[in-house]
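# Descriptive analysis of the structure
Below, each chain spelled out in residue letters.
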Amino acid sequence: MPNIDNVLYTGRTHTTGGRDGFARSDDAALEVKLSPPGSGGAGTNPEQLFAAGWSACFIGAMTRAAGKRQLRLPADTSVYAEVDLGTTENQFFLQARLNVSIPGVDRDTAQAIVDEAHQICPYSKATRGNINVELRAI
């Protein structure tokens, strides 16, 4: 595992109450109530937060991958991320699907951008080999 030579940013949060609590970033830009998945509570959950963070990062990685092809991603490029929380043999696991829409780009080129972005994105690197991930240009 490589060591980071140059830290570009450190996200800092403080969370209380676990899945039924509250999280706040050190700069107060993020303040979020947490509720367990499927509970009907007023808050979000870690799986939704992970999906949102990964999606945003993945679009940045796709921008870089598209740029290598002298392409510019359209403004309405989007990632529909699904992060499942589940169990196998009484142990908790995650799995994910990233369905990517790049309007105006043919499916083969879009899939190539998606595949390359998966090699670039830090979230993808963190999950590689640890959880099942499906990637698809739609």
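Relevant structure appears above.
What this report covers is the structure whose coordinates are included nearby. (Residues numbered from 1 in each chain as written. Predicted model: local features only at pLDDT ≥ 70, side-chain atom pairs only at ≥ 80, totals over all residues. Heavy atoms only, no water.)

## A short note on the overall build of the protein chain
- Check the secondary structure of the protein chain and you find 3 helices and 6 strands.
- Each helix (α) and strand (β) of the protein chain, taken in turn from the N terminus, gives the series β-β-β-α-β-β-α-α-β.
- Taking the principal axes of its C-alpha atoms as reference, the protein chain extends roughly 45 × 35 × 35 Å.
- Here the protein chain, with 138 residues, has 28% of them falling under the buried criterion.
- A sequence separation of at least 24 residues applies to 47% of the contacts in the protein chain between residues at least 6 apart.
- With the model as given, the accessible surface of the protein chain reaches about 9200 Å², and the carbon-plus-sulfur share is 51%. (Helix = DSSP H or I, 4+ residues; strand = E, 2+ residues; numbered from the N terminus. Buried < 20%, exposed > 50% of the residue type's maximum accessible area, 1.4 Å probe, protein only. Contact = heavy atoms within 4.5 Å. Areas by Shrake-Rupley, 256 points an atom, 1.4 Å probe, with all protein chains shown as cover.)

## As for the sheet that holds strand S4 (residues 78-88)
- Reading across the sheet, the 3 strands line up as S4-S5-S6 and stay open at both edges, with mixed pairing between neighbours. With one partner strand each, in any of the chains shown, S4 and strand S6 (132-137) form the two edges of the open sheet. Here the average twist between neighbouring strands, direction ignored, is 15 degrees.
- Summarising the sheet, strand S5 (residues 91-101) and S6 pair through 6 bridges and their orientation is parallel. By the bridge assignment, arginine 97 is partnered in S6 with glutamate 134.
- Sheet strands in contact with helix H1 (residues 46-67) are S4, S5 and S6, and its direction is about 140 degrees off that of S4.
- Running at roughly 150 degrees to S6, helix H2 (residues 107-120) makes contact with S5 and S6 of the sheet. (Pairing = 2+ DSSP bridges. Axes fitted to C-alpha atoms, helices over the stretch in contact; angles between N-to-C directions.)

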